[in-house]
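# Residue-level structure breakdown
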Amino acid sequence: MTRPAVERTFVMVKPDGVQRGLIGEIIKRMEQRGLQVVALKMVKPSVEHVSAHYPTDDVWIKRLGDKGFNVFNELGIDLKKAMGTTDNLEAGKKVRQWLIDYMTVAPVVAMVIEGIHARDMVRKIVGPTLPNKAEIGTIRGDYSVDSPAAANVEKRSIKNLVHASETKEEAEKEIAHWFSAEEIHEWDRPDHKAMF
Ligand code: IDP
Ligand code: MG
């Protein structure tokens with residue numbers, strides 16, 4: 001952690017990734033890019049733990065509502081019919097609850113990933129939130145197909161295999177939420193000396 005470009009980020013294989021046997025594939029894609037696992041564990045999280053993992057502020061919840069609203073607007077689907085509301089905060093609250101239900105059905109694999117620009121690198125490897133819009137070559141683009149149009153009408157979260165922190169603040173909060181300092185390891189990958 002001595003070089004300024006080296007960052008840590010929090011990554012989690014979600015229950016669908018675990019249930020589909022994709023733990024190894026997901027970790028492989030980060031390791032092959034030159035990122036390093038510095039903490040790792042399988043956990044069956046409680047509702048309370050998952051609820052505290054996701055932000056509770058209105059800005060974040062509205063953004064969650066908007067992700068589905070944008071898709072419904074694109075498809076010309078009536079927001080009231082699809083989500084029961086035209087208010088992005090109300091819609092976001094519903095999605096947040098579905099997300100907590102999804103994240104607690106099976107174990108997850110939580111990890112801390114370290115490396116050059118680790119947050120951005122991991123988000124690129126994972127791909128954007130909506131699997132139907134994720135590019136081929138990303139984890140979500142190669143292994144998932146879900147969309148708000150499919151998920152929201154069934155009152156469930158989008159299944160997109162992986163969670164990855166979006167900002168520095170999110171990464172710091174999430175690492176501390178899932179790992180103690182003793183569970184995070186300082187170690188060197190000798191091959192990285194040939195990479196950067
Ligand atoms: P991210 O996982 O790409 O960072 P966020 O916007 O932080 O995406 O949303 C958290 C999670 O909420 C997503 O990964 C997805 O599982 C779920 N989600 C987001 N938008 C919707 C939606 O419109 N319907 C159902 N689930 C959603
Ligand atoms: Mg997010």
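Here is a short report on the structure shown in this document. Predicted, not measured: the structure shown is a model, and the values here were computed from it.

Here we take up the overall build of the protein. Within the protein one finds 10 helices and four strands. When the helices and strands of the protein are listed from N to C terminus, the series reads β-α-α-β-α-α-α-α-β-α-α-α-β-α. Taken over the C-alpha trace, the protein has a radius of gyration of 17 Å; the compact-globule value for 196 residues is 16 Å, and the two agree within 12%. Out of the 196 residues belonging to the protein, those deemed buried represent 51%. A separation of at least 24 residues holds for 76% of the contacts in the protein among residues at least 6 apart in sequence. When the accessible surface of the protein is split by element, carbon and sulfur atoms take 55% of a total near 9,800 Å².

It is worth spelling out the nonpolar core at this point. Within soluble globular proteins, side chains that are nonpolar generally end up buried alongside one another. One finds Phe10, Met83, Met103, Val112, Trp178, Phe179 and Ile184 to be the most contacted residues of the largest nonpolar core, which totals 29 residues. For this core, the secondary structure elements donating two or more residues are strand E1 (6-13), strand E2 (36-43), helix H4 (58-75), helix H5 (79-83), helix H6 (88-103), strand E3 (108-116) and helix H10 (168-178). Those residues within four positions of Val112 in sequence are excluded, and the remaining contacts are Arg8, Thr9, Gln36, Val37, Val38, Ala39, Ile175, Phe179 and Ile184. Core analysis: the second largest hydrophobic core is formed by 21 residues, Val18, Val109, Val122 and Val162 among them.

Taken as a whole and assessed by the stated rule, the structure comprises one cavity of 30 Å³ or more. Quantified by volume, the largest cavity comes out at close to 380 Å³. If you trace the largest cavity, you find 25 residues lining it, with Lys14, Leu64, Leu99, Thr129 and Asn160 closest to the centre. For the lining of the largest cavity, the element with the highest residue contribution is H4, accounting for five residues. Partitioned by chemical class, the residues of the lining of the largest cavity number 11 nonpolar, six polar and eight charged.

What follows is about the packing of aromatic side chains. In this structure the tally under the stated criterion is three aromatic pairs. Ring geometry for Phe10 versus Trp178: centroids 5.6 Å apart, planes at 20°, classification stacked. Here Phe10 is found in strand E1, whereas its partner Trp178 is found in helix H10, with 168 residues between them in sequence. Among the residues examined, Phe10 registers a relative accessible area of 0% and is labelled buried. Of the aromatic side chains, those joined through ring pairs into one cluster are Phe10, Trp178 and Phe179.

The four strands are arranged E2-E3-E1-E4 in an open sheet whose pairing can be described as antiparallel. At either margin of the open sheet sits one strand with a lone partner, and together these are E2 and strand E4 (162-164). For this sheet, the mean inter-axis angle between neighbouring strands, taken without regard to orientation, is 20°. Inspection of the sheet shows E2 paired to E3 by seven bridges, in the antiparallel sense. Considered in E3, the bridge of Val43 is made with Val108.

Calculation notes
Residues numbered from 1 in each chain as written. Chains lettered and ligands numbered in written order. Predicted model: local features only at pLDDT ≥ 70, side-chain atom pairs only at ≥ 80, totals over all residues. Heavy atoms only, no water. Helix = DSSP H or I, 4+ residues; strand = E, 2+ residues; numbered from the N terminus. Rg over C-alpha atoms; globule rule 2.2 N^0.38 Å. Buried < 20%, exposed > 50% of the residue type's maximum accessible area, 1.4 Å probe, protein only. Contact = heavy atoms within 4.5 Å. Areas by Shrake-Rupley, 256 points an atom, 1.4 Å probe, with all protein chains shown as cover. Core = buried A, V, L, I, M, F, W, Y, C linked by side-chain atoms within 4.5 Å. 1 Å grid on protein atoms, 1.4 Å probe; cavity = no way out; pocket = protein on both sides within 12 Å on 5 of 7 lines; lining within 4 Å. Points joined across faces, edges and corners; volume = space filled by probe spheres on them. Nonpolar A, V, L, I, M, F, W, Y, C, P; charged D, E, K, R; others polar. Phe/Tyr/Trp six-rings, centres within 6.5 Å; stacked < 30°, edge-to-face > 60°. Pairing = 2+ DSSP bridges. Axes fitted to C-alpha atoms, helices over the stretch in contact; angles between N-to-C directions.

Bear in mind that shape data such as this cannot, by itself, settle questions of function.
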